[in-house]
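Chain and residue survey
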Amino acid sequence: MRAQVVDGARAVRGRGVQICLLAAAFFLGLGSEGWDRLQQAHFLDDLNFPPFGTAVVWFGAMGVASLVGSIALTQVIRRHVDALRPVRLGRILVMAQVVVVGGIVLRAGGGVLDRGARAVAPSAVIGPIRSVAEPVSDPR
């Protein structure tokens, strides 16, 4: 593992775009763990779901809304991204990560008083942004 890290560091040394991509992937990995594991638990503890439907129905509705947002945002990004211009890809990833970090800070700063739409809004933004950033950072 050490050899792989050393080889990777040599490969990106002095290359600004690759360093930006590596930093974006690093921070994406750090931020996604806590968010993915605790988001639903926070919703269940902090939100008062409307009386019609159960929490499962509301989680499904939020998932569908996030999926529709992801599709729309992917189409917008697809039209403006040129895979042959890695500097632009790096900038898009940095902007995406700034938005994700802002959403996480907004959600974390709200506490118990953050109920309803203010609690759901960061999740509605973060989901589509992360789904758009994934194919940009891993264009297999």
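Just above sits the structure.
The rules we used
Residues numbered from 1 in each chain as written. Predicted model: local features only at pLDDT ≥ 70, side-chain atom pairs only at ≥ 80, totals over all residues. Heavy atoms only, no water. Helix = DSSP H or I, 4+ residues; strand = E, 2+ residues; numbered from the N terminus. Buried < 20%, exposed > 50% of the residue type's maximum accessible area, 1.4 Å probe, protein only. Contact = heavy atoms within 4.5 Å. Areas by Shrake-Rupley, 256 points an atom, 1.4 Å probe, with all protein chains shown as cover. Salt bridge = Lys/Arg side-chain N within 4 Å of Asp/Glu carboxyl O. Expected span 1.5 Å × (residues − 1). Bend = angle between axes of the 7 residues up to and from the residue. Polar contact = N/O pair within 3.5 Å; in protein donor to acceptor, adjacent residues only side chain to side chain.

On to the overall build of the protein chain, then. Each helix and strand counted, the protein chain has five helices and zero strands in total. Counted from the first residue to the last, the protein chain has its helices and strands arranged as α-α-α-α-α. Here the protein chain holds 140 residues, and the buried ones make up 22% of them. Of the contacts formed within the protein chain by residues at least 6 apart in sequence, a portion of 66% connects residues at least 24 apart. Just so you have it, the protein chain exposes about 9700 Å², and 67% of that area is on carbon and sulfur atoms.

This next bit is on the pattern of salt bridges. Across all of its chains, the model carries one salt bridge by this definition. A salt bridge links Arg 10 to Asp 7; the nearest nitrogen and oxygen atoms lie 3.4 Å apart. Of this pair, Arg 10 and Asp 7 both sit in helix α1 (residues 2–12), three residues apart, which is roughly one turn of that helix.

Time to look at the environment of Val 12. Turning to its location among the elements, Val 12 is positioned in helix α1. Sequence spacing of Val 12 and Leu 22 is 10 residues, and the spatial spacing of their C-alpha atoms is 8.5 Å. Residue contacts for Val 12: discarding those within four places in its chain leaves Gln 18, Ile 19 and Leu 22.

It is worth spelling out helix α2 (residues 16–46) at this point. Over its 31 residues, α2 runs 42 Å from end to end, which matches the ideal 45 Å to within 8%, given 1.5 Å per residue. Where α2 bends most, at Leu 38, the angle is about 45°. For α2, the full list of buried residues reads Ala 24, Ser 32, Trp 35, Phe 43 and Asp 46.

Tracing the backbone through its elements, the reader meets Ser 131 in helix α5 (residues 117–137). By relative accessible area, which is 29% here, Ser 131 ends up partly exposed. In this structure, the C-alpha to C-alpha distance between Ser 131 and Ser 66, residues 65 residues apart in sequence, is 9.4 Å. At 2.8 Å, the side chain of Ser 131 and the side chain of Ser 70 are in polar contact.

Read these as spatial facts, not as claims about activity.
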